Amino acid sequence: MDPLSEVLSLLKPRSYLSAGFDAGGEWAIEFSNQHDTIKCYAVLSGGCWLAVEGVADPVQLAEGDCFVLPSGRPFRLASDMAIQPVDAKTIFPPARPGGVVRVNDGGGLFLAGSRFAVAGSHTGLLLGMLPPIVHIRKESEQAALRWSVERMMEEMRESEPGGFLIAQHLAHMMLVQALRMHLSDGVNGSSRWFAALADKQIGAAIRAMHADPAFRWTLQELAEHAGMSRSTFALRFKETTGDTPMEYLSRWRMLLAADKLENSGESIARIAITLGYESESAFSTAFKRVMGSSPRQFSNGQPVPSSRRAASHVAQTVERHQPDSRPAAE
């Protein structure tokens, strides 16, 4: 698989609610608890403001716009950012697929989409690789995403046989399409990982590592994939991703290992070999350095406080999203 597909596959996103939101008048809502959640929506009519924690400026959403919030950060939706927000828990009832939540009798904004739960003890590391906001404004790109949303809502409303499964697939398609469009659009203000993946030369080296993570890559071999000298490649990779090529490779191997430990049933020794380590001891040392716990502790589900430091380290490599001051900019 390509790197984006691999990251999403490790996150195992599952759509657990496809619904609509219809708001009118003056309103502001704070969505505080977004841990391990990705949200993907389209504005079908009207408009509003979107503010995400850690992002410098709010984004103005207009009719036709699509947006994805992949990093699990708290956010706010509002008709006016000056309004004191209320907590979403006071407005939204228990999840009802295909339902529509109305505020002030609606009529000013209608958005629809889906939210995804992601699974695994390593989700903090993976979500840190994704951008805080994906804002799709090109009409040609919006059309494809809106079709997915509208069809998804139709399936949920009509409750035909197999409709829930179709809605799930449409939600996943919308999520992947939006992230792919973001990559092709130059990913201004995105996460470092997305920026690196979009870079023709650095992206080539990343794709090589993902294609064969167990290979004993050298700096020279990766530089050749990037079409650069070794010294220039090392400098550019560090500037773009925040890591050295070998640090990146080690972290990606450990994310694959964490997934195997949680889901495959393979022994630690076997996992070490499949990821290019000659001994279980060398693998265990690398795993603890990146993930904050030993492979055995991780596979047994033992809480290890230092694992939070590993997630924080990756989160620090995510650049802050810096939109323009113009209302319609990201």
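Residues numbered from 1 in each chain as written. Predicted model: local features only at pLDDT ≥ 70, side-chain atom pairs only at ≥ 80, totals over all residues. Heavy atoms only, no water.

Let's talk about the overall build of the protein chain
Okay, so step 1: Across its full length, the protein chain carries 13 helices and 11 strands.
Okay, so step 2: For the protein chain, the residues scored as buried account for 51% of the 330 residues in total.
Okay, so step 3: Taking the intrachain contacts of the protein chain between residues at least 6 apart in sequence as the baseline, contacts between residues at least 24 apart amount to 75%.
Okay, so step 4: With the model as given, the accessible surface of the protein chain reaches about 15,200 Å², and the carbon-plus-sulfur share is 50%. (Helix = DSSP H or I, 4+ residues; strand = E, 2+ residues; numbered from the N terminus. Buried < 20%, exposed > 50% of the residue type's maximum accessible area, 1.4 Å probe, protein only. Contact = heavy atoms within 4.5 Å. Areas by Shrake-Rupley, 256 points an atom, 1.4 Å probe, with all protein chains shown as cover.)

Overview of the packing of aromatic side chains
Okay, so step 1: According to the stated counting rule, one finds 10 aromatic pairs in the structure shown.
Okay, so step 2: Centre to centre, the rings of Trp-193 and Phe-194 are 5.7 Å apart; their planes meet at 55°, and the pair counts as tilted.
Okay, so step 3: Given a relative accessible area of 6%, Trp-193 falls into the buried group.
Okay, so step 4: For Phe-194, a relative accessible area of 0% translates into the label buried.
Okay, so step 5: Ring-pair connections join several aromatic residues into one group, and the members of that group are Tyr-277, Phe-283, Phe-287 and Phe-298. (Phe/Tyr/Trp six-rings, centres within 6.5 Å; stacked < 30°, edge-to-face > 60°.)

A word on the pattern of salt bridges
Okay, so step 1: The tally for this structure, following the rule as stated, stands at 8 salt bridges.
Okay, so step 2: Between Lys-12 and Asp-259 there is a salt bridge, with the nearest N and O atoms lying 2.4 Å from each other. Of this pair, Lys-12 sits in the loop between α1 (3–11) and β1 (14–23) while Asp-259 sits in helix α9 (residues 245–263), and the two are 247 residues apart along the sequence.
Okay, so step 3: On the basis of relative accessible area, Asp-259 is assigned to the buried category, the value being 16%.
Okay, so step 4: Linking Glu-280 and Arg-296 is a salt bridge whose minimum nitrogen-to-oxygen distance equals 3.3 Å. Taken together, the positions of Glu-280 in helix α11 (residues 280–291) and Arg-296 in helix α12 (residues 295–299) put the pair 16 residues apart, joining distant regions of the chain.
Okay, so step 5: The class for Glu-280 is partly exposed, based on a relative accessible area of 31%. (Salt bridge = Lys/Arg side-chain N within 4 Å of Asp/Glu carboxyl O.)

Topic: the confidence of the model for the protein chain
Okay, so step 1: Confidence in the prediction of the protein chain, expressed as mean pLDDT, is 81, and 85% of residues score 70 or more.
Okay, so step 2: Within the protein chain, the lowest mean pLDDT, 39, falls on helix α13 (residues 307–315), and the highest, 97, falls on helix α7 (residues 219–226).
Okay, so step 3: This model gives residues 303–330 a pLDDT under 50, and the stretch forms 59 contacts once residues within four places in sequence are excluded. (pLDDT = per-residue confidence, 0-100.)

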